[in-house]
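Letter by letter, the chains look like this.
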Amino acid sequence: MRAALEKLGAVVLGWLEHTGRTFNLLLLVTVELLQPPYRFYPVVRQMYFIGARSLTLIVVSGLTIGMVLGLQFYNILQRFGSVDLLGAGVSLSVIRELGPVMTALMVVGRAGSSITAELGIMRITEQIDAMDCMAISPSKYLIGPKLLAGLLSVPLLTMVFDFVALFGGYFVGVVMFGVAEGSYVNGMIDTVEWSDVRIGLEKSLIFGLLVTLICCAEGFYMHLTKAGSQGAEGVSSVTTDAVVLSSIAVLYSDFLIEALF
Amino acid sequence: MECNLKSGAGYDLLELSGEVDLQYSPQLREKILGSLRSGAPLLIDLGRVSYIDSSGIASLVEGFQAAKSAKLPYGLLNISSTALQVLTLTRLDKIFNLYTDAAHFEAQL
Amino acid sequence: MTSVAGTAASPAISIRNLFVDYFPRRILTDVNLDIPASQITVIMGQSGAGKTTLLRCMLGLKKPSSGSVHILGTDIVRASRRELNAVRKQMGVAFQGGALFSSMSVAENIQLALREHTSLDEKTIQIMTRIKLDMVNMLAAENLMPSELSGGMTKRAALARAIVMDPKLLFFDEPSAGLDPSTAAELDQLMITLKTTLRMTIIVVTHELDSIFKIADHIAVMANGRVIEFGTPQQIIASANPEIQGMLNRKPRENIVDTDAHLRRLVGG
């Protein structure tokens, strides 16, 4: 009994330490980024990496999800004879909910995992120590640009996702099933309010930060975990952890935001 | 570091003293290249240099290259033994024209 | 008793009462060491003796549980980030595996510190890079990526990167590990040259006996988390400490006397 309690305590403490470390990193990097010199080129490079290279994936998945939504809503709404609401249904669910969440999850898979692997490898091959010994802050130099790029790219990608998904819904509804174009577009314009767009945007900002932060912290602090001494195997295990943790963080914070606002 | 550029006698004499390090070598570089741009031969007196690091050496090398392409005589005067060792380490002692007396440099003009 | 190993003249690094605990194990126990300036000091010992931990304490990468590490007059255990970085700009480190930044070419690796810390002209940076590459005989590898380098080239590139800022202190972790004898000898010679011409203080961590006695002015022998002996190579060779003698004369494996016993060891039962 006591052993079990101790084990539970250790798990909880470990989890708290983990979370604390992650948010401590955010604090540290924020403070460091506020101090000169300011560099923009690395941020652009990371935006290319996180943003531009995820674009195809985002367009493809956005289109597919928009079309699936169009189909689903059409089938349901048809039973109640209210296919006029198709535009409203698709746009509300995409802009408020699916756009930010799906984009963030795609970024986790595409860019987040490689961020963790990259930092993890740099950690175990002493590249981060080497940078530290050169009096260059690894958190500022390596993580700062990634965080900023995540914060900027994910909302932009979300906008692309939203746009493409709405088009997918439009394609299924208007082109395939012959819903009146006017009712689709007007339904969209009438139902979606500025607050929906704003919440969608805010969510994508928060997700972008969370995803990059968690993925950076998992790789950067790899040496503090059990995986730190396991070499390449350790890198693969922290990468998996990072993907799982950041996906859960996205979904859970999505729920929190919906519940609170 | 202090550097003092004297013109006259048909060439420029750049007198250096103190420590030539990362902080001061940009200044040294400017002086050397500036002098060479004016088209005068350049003799650099290193007699009172207590320390020269690789950024200082790099500036001397760059000056040498610039002098060579402008076909201007370029020499180092009174190089200290420690500075010479650094040049030897980087195999540059064979490249530079080293003088112990300004008269020898003048004789070659 | 606090006996301090080292020489009297003002040391480049002075370590006092250093303890490192990695709960529940004690890695370093009461390490006291003075590393003399402008000389080569080798820290030797078998794997697990605490060499790497001691090195990491000197680099400010590991906070000790207690004790002090003064480098060029600054106690880096208690120094602020800014003070620590000021000391670090005077130190160069060549890590065991090279630790070259894999996303940058050899030249970019060498130039990073110059670009971050100085306002030198691009041309000067380029010439400096080539001077350092020439010193380690790597001029041809300037534009290669770290993944394209052999083990020996990686070590040499790491050394070029470590000395690019003309540091007062150079740390070298396992310089000859995994190198062929001629490359190892080349690196040994280069360290001696750096010491004599640039008056660099060089700290080498290694367990390779061959190069130790070629390069060392002083040797600190570590075992079980303690510095058990410090002295010139002659003093170390003459040491009466059986542990040191054991390290110096690696005994050949005992002859098999009892064949049955040996068979049982291999087969079991």
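In case you missed it, the structure is sitting above this.
Residues numbered from 1 in each chain as written. Chains lettered and ligands numbered in written order. Predicted model: local features only at pLDDT ≥ 70, side-chain atom pairs only at ≥ 80, totals over all residues.

**Structural notes on the interface of chain C and chain A**
With 15 residues of chain C at the contact, the number on the chain A side is ten residues. Secondary-structure elements contributing two or more residues to the side of chain C that touches chain A are α2 (81–88), β6 (91–94) and α3 (106–117) of chain C. Ranked by the residues each element gives to the side of chain C that touches chain A, the list is headed by α3(C), at four residues. Here the side of chain C that touches chain A is built from residues that sort into nine nonpolar, three polar and three charged. (Contact = placed C-beta atoms within 7 Å. Helix = DSSP H or I, 4+ residues; strand = E, 2+ residues; numbered from the N terminus. Nonpolar A, V, L, I, M, F, W, Y, C, P; charged D, E, K, R; others polar.)

**Observations concerning the interface of chain C and chain B**
With 15 residues of chain C in contact, the opposing surface of chain B contributes 17 residues. If one sorts the elements of the side of chain C that touches chain B by residue count, helix α4 (residues 122–135) of chain C sits on top with seven residues.

**Examining the pairing of strand β4 (residues 66–71) of chain C**
Note on strand geometry: in a regular strand, side chains alternate between the two faces of the sheet. All names here are of chain C. Relative to β4, strand β1 (residues 11–22) runs antiparallel, the two being bridged by five bridges. Each bridged residue has a counterpart across the sheet, and for Arg-16 the counterpart in β4 is Ser-68. With two bridges joining them, β4 and strand β5 (residues 74–75) adopt antiparallel strand pairing. Paired with Ile-71 across the strands is Thr-74, a residue of β5. The hairpin formed by β4 and β5 contains two residues between the paired strands, and Leu-72 there has a positive phi angle of roughly 50°. (Pairing = 2+ DSSP bridges.)

**Structural notes on the environment of Arg130(C)**
Turning to its location among the elements, Arg130(C) is positioned in helix α4. Taking the C-alpha atoms as reference points, Arg130(C) and Asn17(C), separated by 113 residues in sequence, lie 42 Å from one another.

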